[in-house]
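Now for the letters of each chain:
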2 protein chains.
Amino acid sequence: MPEQRAATRGPVRIVGTGLLGASIGMALRDLGVDVVLHDPSRTTVLLARDVGAGRLATPQDTDVRLVVVAAPPDVTPDVVLAELAAHPGAVVTDVASVKSAVLDALRAAGADLSRYVGSHPMAGSERSGPTAARPDLFAGRPWVVVGSGTSGGDAVRVVRDLANDLRATPVMLDARAHDDAVALVSHVPQIAASLVAARLCDADPAALDLAGQGLRDVTRVAASDPALWTSILAANAGAVNPVLRALRADLDGVIAALDEAAAAAGSESVASGALGTVASAIAAGNVGVSRIPGKHGGVRRAYDVVTVLVPDAPGELARLLADVGAAGINLEELALEHAPRQPVGLAAISVLRGLRGRLEDELTARGWRFAG
Amino acid sequence: MPEQRAATRGPVRIVGTGLLGASIGMALRDLGVDVVLHDPSRTTVLLARDVGAGRLATPQDTDVRLVVVAAPPDVTPDVVLAELAAHPGAVVTDVASVKSAVLDALRAAGADLSRYVGSHPMAGSERSGPTAARPDLFAGRPWVVVGSGTSGGDAVRVVRDLANDLRATPVMLDARAHDDAVALVSHVPQIAASLVAARLCDADPAALDLAGQGLRDVTRVAASDPALWTSILAANAGAVNPVLRALRADLDGVIAALDEAAAAAGSESVASGALGTVASAIAAGNVGVSRIPGKHGGVRRAYDVVTVLVPDAPGELARLLADVGAAGINLEELALEHAPRQPVGLAAISVLRGLRGRLEDELTARGWRFAG
């Protein structure tokens with residue numbers, strides 16, 4: 001990775017050297033920043049050192065400029081308090097995925113909030129621990145920065161600089177707005193995925209053999225760590241429960257409507273009100289998913305999609321995209337599906353509305369075939 | 001696509017030329033089978049013809065051997081009855097996602113069930129219509145074949161041959177077992193995804209900017225067609241609602257536990273019973289998702305994924321894929337999306353397990369940078 005100047009000045013002390021802490025350390029080391037590591041687990045901190053996240057902290061490391069607390073949410077406040085006391089000249093941040101609970105606990109403890117700035121990098125991995133750490137874990141991801149309200153401007157700048165140094169995109173939010181946002185886009189989806197997956201525990205294997213990509217996608221995050229998620233959900237319960245209650249109200253409506261439909265089965269008429277309730281729930285889902293930025297969301301409505309058959313051989317996809325470029329058409333999004341037992345892939349190319357016909361003409365002229 | 005002998009003998013009449021009907025037609029045409037198309041919508045049938053699903057049906061097409069009814073579940077019984085009457089020498093099958101309701105309606109109407117065999121190819125897409133059709137839609141997927149109990153052995157064989165010709169895997173199930181299975185692996189996950197996505201309708205855009213792959217995966221199928229899904233869910237309400245009720249009971253438990261956690265916030269002790277309920281729900285999800293066979297969790301689990309930062313400029317993605325090809329590494333899957341508020345795209349490249357390190361080395365040597 002090319003060297004670049006870091007705005008962050010060391011020594012940076014990282015407390016908690018799991019996936020996030022070790023990844024931050026590796027990224028800062030790549031930028032030439034001095035990083036000292038601490039973790040309650042000797043094994044974890046040694047592993048973090050060995051993957052290049054930094055050096056082991058010593059009693060001589062008293063001139064720390066920035067402390068990054070990367071601990072589970074339930075222990076984060078106590079660790080932040082201890083670090084504020086132990087390093088009176090340092091800015092202290094944490095990367096816990098809930099922010100109000102941490103801030104409230106610090107306020108209740110009378111912490112010096114002028115030197116504390118909470119943050120939450122929206123990055124992670126299905127793997128955990130320092131061996132899963134990557135210096136580029138945060139590149140291109142949002143990094144929420146939460147001033148305490150009394151945070152010093154310099155302290156906020158230090159944390160924004162950290163996010164920028166790690167090639168993340170700093171997003172300023174207050175604690176409440178952050179917690180409401182992650183309840184909606186992360187915590188409630190996690191619970192829904194876990195509850196759907198839990199229904200499979202006693203399922204007939206013959207039923208599970210019918211599982212498709214839909215079920216796999218809905219339940220993928222259900223593989224997440226129960227201890228960590230219990231800590232996250234408990235700490236954000238105040239923001240999560242209103243969303244869960246609204247979801248349950250919709251679920252009650254669907255169950256009642258389907259009861260009505262089941263009762264009417266065989267007869268000619270299902271009360272249109274019942275079907276209307278079900279259709280409205282699915283239609284509301286259409287609207288909601290279309291608002292998600294990125295390839296599964298709004299983009300689908302903004303772009304035309306051309307699906308091209310691509311021979312499954314090295315260089316073929318590159319040739320296709322070179323042809324798209326040669327046609328002078330900008331490719332907005334691309335998704336390649338590997339067709340099972342087929343010597344071809346399917347490349348779904350998204351282009352701006354109105355360019356589909358021209359793209360198909362250009363690609364046809366260059367010998368490409370389309371699916372769909 | 002390589003020619004191969006088809007066990008299915010034409011003419012095959014396809015009634016309903018949306019995603020499934022048109023995909024079946026395209027696959028049979030690729031095998032050289034004569035396919036005639038009918039759809040109540042003139043536009044839909046012409047589109048299906050234009051994508052290569054077959055030729056338009058004419059009054060002269062009286063020698064049909066197999067009729068495939070690919071209509072919504074609520075109209076399927078009437079269409080099957082009409083086709084049985086119109087083509088007394090033909091086997092008639094349908095591909096509706098529910099089987100008991102269809103079979104019960106046919107029995108009630110006194111249909112000749114010796115020539116009827118219900119089926120359900122476990123394939124689809126959140127996209128719909130003939131323009132989304134793919135000849136390989138069924139390859140490697142289960143294709144449930146449901147004898148009526150009085151279905152003739154020859155009729156069952158004809159439908160099994162159809163599934164095999166489309167490179168699907170025939171699975172014999174009775175109607176009830178099929179309906180219970182799809183309620184669990186398809187219908188309830190669809191409802192959960194829609195309800196989670198519906199929560200996003202009024203979300204602050206700043207919250208949606210924090211969305212990650214987890215939310216995208218959980219809600220992907222929420223983009224599905226409300227009219228079709230209303231028909232499916234109403235027709236399978238008897239099998240869906242017991243699963244929904246069990247899910248709601250679990251949801252109630254989580255909500256109550258999080259209420260307890262919220263009430264205890266700030267205090268030192270959250271009743272361990274409350275946290276235990278949450279942890280158990282997440283842990284049960286771990287068990288359930290681990291029981292899904294095959295590429296459990298989707299391609300992310302089957303492949304190593306390397307996410308590369310791609311400058312948002314024409315030709316850059318082609319250059320990246322050319323470099324991947326030059327590295328002699330076969331790209332298994334690829335997904336590109338734009339990083340929020342960044343002039344770069346994120347290209348997630350899936351390669352066979354064990355090739356990640358080498359790919360990263362090769363791409364790093366060519367000046368590429370990686371995102372987490």
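Residues numbered from 1 in each chain as written. Chains lettered and ligands numbered in written order. Predicted model: local features only at pLDDT ≥ 70, side-chain atom pairs only at ≥ 80, totals over all residues. Heavy atoms only, no water.

Side note on the overall build of chain A
Broken down by element type, chain A carries 14 helices and 12 strands. For the C-alpha atoms alone, the extent of chain A along its principal axes is close to 75 × 55 × 40 Å. Sorting the 372 residues of chain A into buried and exposed places 56% on the buried side. Taking all contacts inside chain A whose residues are at least 6 apart in sequence as the whole, residues at least 24 apart take part in 69%. Of the roughly 14,000 Å² of accessible surface on chain A, a fraction of 53% belongs to carbon and sulfur atoms. (Helix = DSSP H or I, 4+ residues; strand = E, 2+ residues; numbered from the N terminus. Buried < 20%, exposed > 50% of the residue type's maximum accessible area, 1.4 Å probe, protein only. Contact = heavy atoms within 4.5 Å. Areas by Shrake-Rupley, 256 points an atom, 1.4 Å probe, with all protein chains shown as cover.)

Some thoughts on the packing of aromatic side chains
All names here are of chain A. A full pass over the atoms with the stated rule returns two aromatic pairs over all chains. For the ring pair F138 and W143, a centre distance of 5.2 Å and an interplane angle of 55° mean the geometry is tilted. Exposure remark for F138: the relative accessible area of 0% places this residue in the buried category. Exposure remark for W143: the relative accessible area of 0% places this residue in the buried category. (Phe/Tyr/Trp six-rings, centres within 6.5 Å; stacked < 30°, edge-to-face > 60°.)

A word on the pairing of strand β5 (residues 91–94) of chain B
All names here are of chain B. By the alternation rule, side chains of β5 split into V91 and T93 and V92 and D94, which are all buried. Both strand β4 (residues 66–69) and β5 contribute to a ladder of four bridges, which runs parallel. Across the sheet, the residue bridging to V69 is D94, located in β5. This β-α-β element, β4 to helix α3 (residues 76–86) to β5, shows right-handed connectivity. Sheet topology places β5 next to strand β6 (residues 116–121); three bridges connect them, and they run parallel. Following the sheet pairing, V92 is matched in β6 by Y116. In this fold, β5 hands off to helix α4 (residues 100–108), which returns the chain to β6; that crossover is right-handed. (Pairing = 2+ DSSP bridges. Right-handed = clockwise from strand over helix to strand, strands pointing away.)

Concerning the nonpolar core
Residues L244 and L258 of chain A together with L244 and L258 of chain B are the most contacted members of the largest nonpolar core, which totals 134 residues. Excluding residues within four positions of it along the chain, L258 of chain A makes contact with V278 of chain A together with I191, L233, A234, A237, V240, N241 and L244 of chain B. (Core = buried A, V, L, I, M, F, W, Y, C linked by side-chain atoms within 4.5 Å.)

Thoughts on the environment of G238 of chain B
Within the fold, G238 of chain B resides in helix α10 (residues 237–264). When the C-alpha positions of G238 of chain B and A183 of chain B are compared, they lie 9.3 Å apart, and in sequence the two are 55 residues distant.

Thoughts on the sheet that holds strand β1 (residues 12–15) of chain A
Residue and element names in this part refer to chain A. On the basis of which strands lie adjacent, the open sheet formed by eight strands has the order β3-β2-β1-β4-β5-β6-β7-β8 and mixed pairing. The sheet is open, and its two edges are formed by β3 (55–56) and β8 (169–172), each paired on a single side. Where strand β7 (residues 142–147) lies against β8, four bridges are found, and the strand directions are parallel. Across the sheet, P142 pairs through a bridge with T169, a residue of β8.

Notes on the sheet that holds strand β3 (residues 55–56) of chain B
In a beta sheet, neighbouring strands pair by backbone hydrogen bonds and run either parallel or antiparallel. Residue and element names in this part refer to chain B. The sheet built from eight strands is open, its strands ordered β3-β2-β1-β4-β5-β6-β7-β8 with mixed pairing. Each edge of the open sheet carries a strand with a single partner, namely β3 and β8 (169–172). Contacting β4, β5, β6, β7 (142–147) and β8, helix α5 (residues 153–165) crosses the sheet at an angle of about 170° to β7. (Axes fitted to C-alpha atoms, helices over the stretch in contact; angles between N-to-C directions.)

Re unusual backbone geometry
A negative phi holds for most residues other than glycine; trans holds for most peptide bonds. Residues and elements named next belong to chain A. Omega for the peptide link from G10 to P11 comes to -5°, which places this bond in the cis form. Relative to the helices and strands, P11 is located in the segment before β1. The backbone of R167 sits at a positive phi, close to 65°, despite the residue not being glycine. Mapped onto the fold, R167 is located in the loop between α5 (153–165) and β8.

Focus: the packing of helix α6 (residues 175–198) of chain A against helix α9 (residues 226–235) of chain A
All names here are of chain A. Relative orientation of the contacting elements α6 and α9 amounts to 125°, with a least axis distance of 11 Å. Taken together, the axes of α6 and α9 lie oblique to each other. Taken as a pair, α6 and α9 cross one another with a handedness that is left-handed. Residue-level contacts link S186, H187, Q190 and I191 of α6 to W229, I232 and L233 of α9. Residue composition of the contact of α6 with α9, by class: four nonpolar, three polar and no charged. (Parallel < 35°, antiparallel > 145°, perpendicular 65-115°, else oblique. Left-handed = near helix turned anticlockwise from the far one by under 90°. Nonpolar A, V, L, I, M, F, W, Y, C, P; charged D, E, K, R; others polar.)

Side note on the interface of chain A and chain B
Taken together, the 125 residues of chain A in the interface contact 130 residues of chain B. With both sides pooled, the region where chain A packs onto chain B buries about 11,600 Å², and carbon together with sulfur makes up 64% of that total. Along the contact surface separating chain A from chain B lie nine salt bridges. The salt bridge involving D217 of chain A is made with R220 of chain B; its shortest N-O contact spans 2.5 Å. Where chain A touches chain B, the interface holds 28 residue pairs in polar contact (both at pLDDT 80 or more). A total of 19 residues in the side of chain A that touches chain B trace back to one element, the largest contributor, which is helix α10 (residues 237–264) of chain A. The residue inventory of the side of chain A that touches chain B, partitioned by class, reads 75 nonpolar, 23 polar and 27 charged. (Buried area = accessible area lost by both parts, 1.4 Å probe. Salt bridge = Lys/Arg side-chain N within 4 Å of Asp/Glu carboxyl O. Polar contact = N/O pair within 3.5 Å; in protein donor to acceptor, adjacent residues only side chain to side chain.)

Considering the packing of helix α13 (residues 316–326) of chain A against helix α13 (residues 316–326) of chain B
Packing of α13 of chain A against α13 of chain B leaves a shortest axis separation of 8 Å and a crossing angle of 160°. On the basis of the axis angle, α13 of chain A is roughly antiparallel to α13 of chain B. For the crossing formed where α13 of chain A meets α13 of chain B, the hand is left-handed. Facing L317, A318, L321 and A322 of chain A of α13 of chain A, the residues of α13 of chain B in contact are L317, A318, L321 and A322 of chain B. Here the contact of α13 of chain A with α13 of chain B is composed, by residue class, of eight nonpolar, no polar and no charged.

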